[in-house]
Amino acid sequence: MPKGKIVLGTLAPHPPHVVYAENPEQNEPISEGGWETLRWGYNRLARKLEKIDYDVMVVFTPHWQTYIGTHFLGLPRFASKSVDPIFPNIFRYSYDLKVDVELSELMCKKASESGLITRMMTNPDFRVDYGTITSCHMLNPKWDKPIITISSNRSTHYYSPEVMIEQALALGKACSEAIEESGKKVVLVSSHSLSHRHFVTESPLPEDMSRERIYNHSQYVWDMALIDLFREGKMREAIDIMPEFTEQTIAETEGGGLIWMMGAMGMPDYPAEIYGYQSVIGTGNCIAAWVPEANKREIVL
Amino acid sequence: MSDEIIQFGLYVPPHPHPLLAPDANPGYKRLREAYDQCKDRIEKSDADIIIVYSTTWPSIIGHQFQANPNSEWVHVDDDFHYMGSMPYSFTMDSEFAARCVEKAESRGLQARTVNYDAFPIDTGSITALSLLNPDNRIPSTIVSSNMYANRSETIVLGKSIRDALIETGKKAVVVVVSSLSNRMFTEPIDPIDDRIHSQKDDDWNRKILEFFEGGRLEDLSQLSREIHGQIRVQKVVAYKPAWWMASTMGQHNNYTGEVLAYEALHGSGGAVIQLTPSHGSMGDKEFDEDDVEYYHGDRDVLDKGGTP
Ligand SMILES: [Fe+2]
């Protein structure tokens, strides 16, 4: 069996607003659209993924927060309704998804062997988090590939950003070993925004784009600093400034998603494809992709 | 039993062990028994409503009040999923929730009710309501804990709930769902070996319990920032439960305090505490921060720089 590999890694922000704006049949609330810059970027990346041969999407999410180690989805199917506890007015989504339990268990085993605390999640009543669902819906609206969700351990708060980075890199490495051993072709998804300061009020019509802007200029400048490093293929540097970025922008990077993905992909030194940047309720969101095979890499934006 | 709008207040832990695994550790059992005792006391009280403030339900768009008259689902905890599922069916008082929103808005707060099928009620609220009000004898509402809110906003939130009680003439039991020290072990433990994560956390917890026992809720409210710095993992901007509880219960130190149980829950400090309004005060601290009546929102400090 040939070795498995990561065919693409994506930073895939999950404001439920983008799913709401798309009006898929799975989501109850109806919108008049909104956040096109992000959605069209997502649509383009989804079209690219349709042309890429892959077996499974592995998602690292900050909205399954675990304090006792890292947890992995461990049943072949989850079907339920996901209601966002923060934005229930715009996200009430019925999902029915498949999980690649074999690879999930192998990742869990490899992570455990590398010294991380791990656990498989095998409670059938468990509701998959809305971060996973939003990112996966935007990347593959047909839901025709199995997924794996990995929880985010809260070691930034419990210990320090440095401890979190070390653990996320170790987890990434363990996951890449599991992928190689599995023989599967995998898309990695780091599901989170960049700057993460929200407005605490919402316009009567959430999709009223005349009201949408970044929370403040400082958040924007930080986002751009990071995106510049993505473009230049300087991911080592991006990870190095991550603790300061996270502190200044209270970003979801504290969960370790991007760092995990970079760890799994061997710290890419090539340019990322940028698919879009837009604010959602004040937060900064960038869709980016890292493609290991040079001849499949594009300049998108 | 009493004419007080607040019949009494309870401070209870958010973790599901007393509900799902009371027999796994004698401490969990004692917490469970304390919950059961509180359940009986609620039954004997004149309460018309239970108002829950949950630290495990964060919000961003202001303050959310649970208003679904039939809140039903099966919940599974993010960490403790292996301990079992938590089916729930709660009766929320949608009218009272709406009144709270109205009152919060009149004090400058952003607020809304949430009334959606399948809304994910949080572990802490489910544990508390399942144990304290198992037959839905009394309707309830749950109020979220806004991620960005700090002291003034939380104090004003408590006052607006008090306004709603005064206006409706309803009598309430208020329930704060929060740990004391909230540092858990970051690895699995045998429940039988559970203990408070560190001696320092235990020392602080016991000091806080002394204040509770003395009925000194306003003093605890004044000490919130210190508590946050000492025994709270810095996940949120502030330790807000004492602010909310003190403000909702009337901002004084005149309570009869009773600690019914104090035990470890995977390393965190879990206590079941009752505070009943009474007369006679002790240990009043000088109030060293403004007593806020109206919330004016962000001060926009950043935007004001450089302008004359
Ligand atoms: Fe998020």
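Please refer to the structure placed before this passage.
Values in this document were obtained by computation on a predicted structure and should not be read as measured data.

Each value, and the rule that gives it
- Residues numbered from 1 in each chain as written.
- Chains lettered and ligands numbered in written order.
- Predicted model: local features only at pLDDT ≥ 70, side-chain atom pairs only at ≥ 80, totals over all residues.
- Heavy atoms only, no water.
- Helix = DSSP H or I, 4+ residues; strand = E, 2+ residues; numbered from the N terminus.
- Salt bridge = Lys/Arg side-chain N within 4 Å of Asp/Glu carboxyl O.
- Buried < 20%, exposed > 50% of the residue type's maximum accessible area, 1.4 Å probe, protein only.
- Contact = heavy atoms within 4.5 Å.
- Buried area = accessible area lost by both parts, 1.4 Å probe.
- Polar contact = N/O pair within 3.5 Å; in protein donor to acceptor, adjacent residues only side chain to side chain.
- Donors = N, O, S within 2.8 Å, 3.2 Å for Na, K, Ca; no water.
- Core = buried A, V, L, I, M, F, W, Y, C linked by side-chain atoms within 4.5 Å.

## Describing unusual backbone geometry
- For Asn23(A), which is not glycine, the phi torsion reads 55° and is therefore positive.
- Within the element layout of this structure, Asn23(A) appears in the loop between helix H1 (16-22) and helix H2 (36-50).
- Not every positive phi belongs to a glycine, and Gln251(B) is a case in point at roughly 55°.
- Structurally, the position occupied by Gln251(B) is in the loop between helix H9 (241-249) and strand E9 (255-265).

## Observations concerning the pattern of salt bridges
- Taken as a whole, this structure holds 38 salt bridges over all chains when the rule is applied.
- In this structure, Glu298(A) engages Arg44(A) in a salt bridge whose closest nitrogen and oxygen atoms are separated by 3.2 Å. Taken together, the residues Glu298(A) in the segment after strand E10 (283-290) and Arg44(A) in helix H2 connect sequence positions 254 residues apart.
- According to the relative accessible area criterion, Glu298(A) is partly exposed, its value standing at 33%.
- When salt bridges with common partners are traced through the structure, they connect Arg107(B), Lys159(B), Asp163(B), Asp291(B) and Glu293(B) into a single cluster.

## Some details on the interface of chain A and chain B
- Taken together, the 40 residues of chain A in the interface contact 41 residues of chain B.
- Summed over both sides, the interface of chain A with chain B buries roughly 3,500 Å², with 56% coming from carbon and sulfur.
- Contact with chain B buries area across many residues of chain A, yet Ile68(A), Ile86(A) and Tyr158(A) alone supply 20% of it, more than any other trio.
- Here chain A and chain B share two salt bridges between them.
- Of the charged contacts in the structure, one is a salt bridge between Glu202(A) and Arg112(B), with a shortest N-O distance of 3.0 Å.
- Where chain A meets chain B, there are 23 residue pairs in polar contact (both at pLDDT 80 or more).
- Elements that contribute at least two residues to the side of chain A that touches chain B include exactly strand E2 (56-66), strand E4 (77-83), strand E6 (118-121) and helix H5 (155-158) of chain A.
- With four residues, the top contributor of residues to the side of chain A that touches chain B is E2(A).

## Thoughts on the side chain of His228(B)
Residue and element names in this part refer to chain B.
- Looking at the secondary structure, you find His228 in helix H8 (residues 224-231).
- With relative accessibility at 8%, the residue His228 sits in the buried group.
- Aside from chain neighbours lying at most four places away, what touches His228 is Gln234, Val236, Val237, Ala238 and Tyr239.

## A short note on the coordination of the iron ion
Residue and element names in this part refer to chain A.
- His14 (NE2), His63 (NE2) and Glu252 (OE) make up the full set of protein donors to the iron ion, lying at 1.9 to 2.1 Å.
- Positions of the donor residues of the iron ion along the chain correspond to the pattern H-x48-H-x188-E. Linking His14 in the loop between strand E1 (5-11) and H1 with His63 in strand E2, this pair joins segments that are 49 residues apart in sequence.
- Its relative accessible area of 23% is what places His63 among the partly exposed residues.

## A word on the nonpolar core
All names here are of chain A.
- If you look at the biggest cluster of nonpolar residues, it comprises 53 residues, and the most contacted ones within it are Leu49, Met57 and Phe78.
- No other element matches the five residues that helix H4 (residues 130-139) contributes to this core.
- Ignoring anything within four residues of it in the chain, the contact list for Met57 reads Leu49, Cys136, Leu139, Asn140, Pro146, Ile147, Ile148, Val187 and Val189.
- Judged by nonpolar contacts, the second largest core, of 50 residues, contains Leu171, Leu229, Ala238 and Ala288.

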